[in-house]
Amino acid sequence: MLRTEIGPGLTERELDAVEKRFGFRFSADHRVFLTAGLPRGSSRWPDWRDGAAEDLKGRLAWPVEGVLFDVEHNGFWHPAWPPRPTETSEALRVARTELESVPQLVPVYGHRYLPGTAGEYGHPVLSVYQTDIILYGNDLTDYIQHEFAGRSSGLPARSTVDFWSYFVEGGPGIDVTAPTPFSPYATSARDAVDCIRMLALERLIGRRHHPEQLIEAALTALVLDVESESLPLLAGLSHSEHEQADALFDQVLSELDLPQGLPTDNTTDLPWEAARWELVRWWLRLIVNGSLAPGAGGDLITYEGWAALARPRSLRPLVDRTDAHNDPPTTRRADREPLADAIVEEARRMLAGPWPPRG
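With respect to the helices, strands and loops of the structure, His242 is situated in the loop between helix H9 (231–235) and helix H10 (245–255). For His242, the contacting residues outside a window of four places in its chain are Pro211, Glu212 and Ile215.

Quick look at the nonpolar core now. Core analysis: the largest hydrophobic core is formed by 50 residues, its most contacted members being Ile196, Leu234, Phe249, Trp282, Trp283 and Ile301. Going through the elements one at a time, helix H7 (189–204), helix H8 (211–223), H9, H10, helix H11 (273–288), helix H12 (294–307), helix H13 (316–326) and helix H14 (336–352) are the ones with two or more residues in this core. At nine residues, H11 tops the list of elements feeding residues into this core. Among residues more than four places away in sequence, those in contact with Leu234 are Leu214, Ile215, Ala218, Ala245, Leu248, Phe249 and Val252. Of all hydrophobic cores here, the second largest spans 25 residues; its members include Leu38, Trp48, Val106 and Val125.

Quick look at H7 now. Along its 16 residues, H7 runs 23 Å from first to last C-alpha, staying within 8% of the 22 Å computed at 1.5 Å per residue. Looking only at H7, the buried set comprises Ala192, Cys195, Ile196, Arg197, Met198, Leu199, Ala200, Leu201 and Glu202. Against H8, H10 and H11 lie the buried residues of H7. Directly beyond the C-terminal end of H7, a positive phi value near 100° is found at Gly206.

This brings us to the pattern of salt bridges. Summed over the entire model, instances satisfying the criterion amount to 20 salt bridges. A salt bridge links Arg25 to Glu19, with the shortest nitrogen-to-oxygen separation between them at 3.2 Å. When the shortest N-O distance is used, the salt bridge between Glu346 and Arg321 registers 3.9 Å. Residue Glu346 is located in helix H14, and its partner Arg321 is located in helix H13; the two are separated by 25 residues in the primary sequence. One network of salt bridges, with partners in common, ties together Glu12, Asp16, Glu19, Arg25 and Arg31.

The buried fraction of strand E6 (residues 132–137) is high, at six of six residues. Pairing of strand E5 (residues 125–129) with E6, which is carried by five bridges, proceeds in the antiparallel orientation. Bridged to Val128 within E6 is Ile133. Between E5 and E6, which pair antiparallel and follow one another directly, the connecting turn spans two residues, one of which, Gln130, has a positive phi of 55°.

Okay, a nonpolar patch on the surface next. On the surface, a nonpolar cluster with roughly 260 Å² of combined accessible area is contributed by Leu219, Leu222 and Val223. Mapped onto the fold, Val223 is located in helix H8.

With that out of the way, let us pick up unusual backbone geometry. The omega angle of the peptide bond from Trp355 to Pro356 is -5°, so this bond is cis rather than trans. Inspection of the secondary structure puts Pro356 in the segment after H14. Phi is positive for Gln130, which is not a glycine, with a value near 55°. Looking at the secondary structure, you find Gln130 in the loop between E5 and E6. Look at Gln130 and you get buried, because its relative accessible area is 10%.

As enumerated under the stated definition, the model contains four cavities of 30 Å³ or more in all. The calculated volume of the largest cavity comes to roughly 100 Å³. Lining the largest cavity are Phe182, Pro184, Tyr185, Ala186, Ala192, Cys195, Leu199, Gln213, Glu216, Ala217 and Thr220. Elements represented by at least two residues in the lining of the largest cavity include exactly H7 and H8. In terms of residue count, H8 provides more of the lining of the largest cavity than any other element does, four residues in total. For the lining of the largest cavity, the class distribution of residues is eight nonpolar, two polar and one charged.

Reading the values: rules and limits
- Residues numbered from 1 in each chain as written.
- Predicted model: local features only at pLDDT ≥ 70, side-chain atom pairs only at ≥ 80, totals over all residues.
- Heavy atoms only, no water.
- Helix = DSSP H or I, 4+ residues; strand = E, 2+ residues; numbered from the N terminus.
- Contact = heavy atoms within 4.5 Å.
- Core = buried A, V, L, I, M, F, W, Y, C linked by side-chain atoms within 4.5 Å.
- Buried < 20%, exposed > 50% of the residue type's maximum accessible area, 1.4 Å probe, protein only.
- Expected span 1.5 Å × (residues − 1).
- Salt bridge = Lys/Arg side-chain N within 4 Å of Asp/Glu carboxyl O.
- Pairing = 2+ DSSP bridges.
- Patch = residues over 30% accessible without salt bridge, like charges linked within 9 Å, V, L, I, M, F, W, Y side chains within 5 Å.
- Areas by Shrake-Rupley, 256 points an atom, 1.4 Å probe, with all protein chains shown as cover.
- 1 Å grid on protein atoms, 1.4 Å probe; cavity = no way out; pocket = protein on both sides within 12 Å on 5 of 7 lines; lining within 4 Å.
- Points joined across faces, edges and corners; volume = space filled by probe spheres on them.
- Nonpolar A, V, L, I, M, F, W, Y, C, P; charged D, E, K, R; others polar.

See below:
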């Protein structure tokens, strides 16, 4: 099931020695998993028995170093921290001090992490790439089913650990149950209506909407001369009126006759198969036209497309390129730009072929 060689599990003594050597604690379910068998034979699995110390230290440091990278280069600052200093060097010093007390994240596979909470179990697995942090399973069992068998509970997960919860509950990270974090791209009325349709498809497969995104889509459509009686009402909502966004969005859909053209969920054994393939094609287009970051788009396609569509072989090249782009710490930051370009090129290649792709 794990698509790799499984060696003898770690003994309790070995687990204790690893914790003492590297200064962290495994959660209770992570200990049970590693006791049952130690995955090996792939660089994405941490080798807690024979792995190089520097490799394991790098994996353990990856989440915090990623946050610090965004503090230095992308303006990130956690709202619970003291006011950000003007000088970047001082901001990094303060951030590093604050990060010394955050709960430890422990690598499970590649850039998937489980909170290191001794004696506890049931925390969700997080996919971590700088402050782009995604919930990837309700718990360790759900994650294994999702990552390696293409099945998951389908229930909304939530982060349960202080600090890291911020990134998936209103922070700057990507929550895979939320709409695609794309930049506006429409240059014609047709593009604007297509965007509204894609948001409707996201809702069909269970992804919630942010009111701001619905309002922005309506405003774009209005500027591009899309005709709908409710578009001005949706586009003009103030922050205090955001609770009206969903109802007005439904009215816009009806006025544009979009519900009649949305796919149904009664054709195959895979839930919302046709809708998911349409969304995958949209996400690929957004990656190619620069409206969606390659790593984020690849993660969305991996989670909502490849896994939910029973892991089709046609999407595997994109999934592999996404994993290579995000995989710590074997990939240096300086090497990520060509890896991001590889995701874009794969997306372009897929869009040039028949749709949906076979296999």
